[in-house]
Amino acid sequence: MQIERTALPGIGIGYTLHTVEGRSLGVLHHHGGRRDLLLYAPGDPDTVERSVSLTPAEARELAELLHPVATIDHVPDLEQRAGKLTVAAVPVTAVSPHRGRVLRDVVADVPGVTVVALLRDGRTITAPGPERRLAHGDALLVAGTPEGVGALSRRITPAEP
């Protein structure tokens with residue numbers, strides 16, 4: 001898969017993704033935060049067939065829908081060096097039953113996992129305290145056994161019924 005990034009002076013940044021099926025999709029990120037989703041005409045990368053405008057909040061929600069709910073984003077280099085240690089960013093999504101709960105209650109009975117940091121609003125909060133409340137949009141940077149990390153990930157971002 002190939003993604004092209006193009007600066008568009010006075011507008012924002014355009015991203016074009018070329019799928020394995022030969023289709024081209026685009027995301028136009030406007031300076032004001034609005035996102036436009038673009039579907040290009042087959043065989044013509046300069047002609048937009050359809051477009052949909054999204055507010056920043058709508059774009060975040062759509063991103064969560066496109067991201068598999070129980071996916072763990074691994075850090076491959078660290079995982080290779082550490083052997084059986086798994087490092088992952090576990091997202092707190094809109095469907096998480098643990099939004100608003102304190103960290104201690106969420107991780108207390110999950111063995112084999114340590115919360116290294118909380119990623120929130122572009123900031124990294126290292127060694128978050130047990131009273132820290134989780135919020136939609138947060139991600140926990142965790143390290144531990146593959147089983148422990150998987151169990152915590154399934155707890156925080158359960159698969160939809």
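All figures in this text were calculated on a predicted structure; none of them were measured in a lab.

Moving on, we get to unusual backbone geometry. Phi at D121 takes a positive value of approximately 50°, unusual for a residue other than glycine. Note on placement: D121 falls in the loop between β8 (113–120) and β9 (123–126). Phi at A127 takes a positive value of approximately 45°, unusual for a residue other than glycine. With respect to the element layout, A127 can be found in the loop between β9 and β10 (139–144). Residue A127 is classed as exposed on the basis of its relative accessible area of 60%.

With that settled, the discussion passes to helix α4 (residues 146–156). Among the residues of α4, G148, V149, G150, L152, S153 and I156 are the ones counted as buried. Looking at the buried side of α4, the elements it contacts are β7 (86–91), α3 (103–107), β8 and β10.

This part is about the nonpolar core. Among the nonpolar cores identified, the biggest contains 16 residues, and V113, L134, L140, V142, L152 and I156 are the most heavily contacted of them. Apart from the residues lying within four places of it in its own chain, the contact partners of V113 are V142, A143, G144, G148, V149 and L152.

A word on the pattern of salt bridges. Going through the model one piece at a time under the given rule, you end up with six salt bridges. When the shortest N-O distance is used, the salt bridge between D109 and R155 registers 2.7 Å. Linking D109 in the loop between α3 and β8 with R155 in helix α4, this pair joins segments that are 46 residues apart in sequence. Among the charged side chains, a salt-bridge network with shared partners connects R104, D105 and E131.

Moving on, we get to the environment of I125. Considering the arrangement of structural elements, one finds I125 in strand β9. A residue is classified by how much of its surface remains accessible, and I125, at 13% relative accessible area, is buried. Spatially, the C-alpha atoms of I125 and L141 are 9.8 Å apart, while their sequence positions differ by 16 residues. Not counting chain neighbours up to four residues away, the residues in contact with I125 comprise A117, L118 and R132.

The next subject is the confidence of the model for the protein. Caution is warranted with low-pLDDT regions, since their predicted coordinates should not be read in detail. In this model, the protein carries an average pLDDT of 82, and 86% of its residues clear a pLDDT of 70 or more. Residue range residues 68–81 is modelled with pLDDT below 50. Its contacts to residues more than four positions away, or to other chains, number 24 contacts.

Note: β8 against β9, four bridges, orientation antiparallel. Within β9, the position partnered with L119 by the bridge is T124. Where β8 folds back onto β9 in an antiparallel hairpin, the turn is made up of two residues, including D121, whose phi is positive at roughly 50°.

Conventions we followed
- Residues numbered from 1 in each chain as written.
- Predicted model: local features only at pLDDT ≥ 70, side-chain atom pairs only at ≥ 80, totals over all residues.
- Heavy atoms only, no water.
- Helix = DSSP H or I, 4+ residues; strand = E, 2+ residues; numbered from the N terminus.
- Buried < 20%, exposed > 50% of the residue type's maximum accessible area, 1.4 Å probe, protein only.
- Contact = heavy atoms within 4.5 Å.
- Core = buried A, V, L, I, M, F, W, Y, C linked by side-chain atoms within 4.5 Å.
- Salt bridge = Lys/Arg side-chain N within 4 Å of Asp/Glu carboxyl O.
- pLDDT = per-residue confidence, 0-100.
- Pairing = 2+ DSSP bridges.

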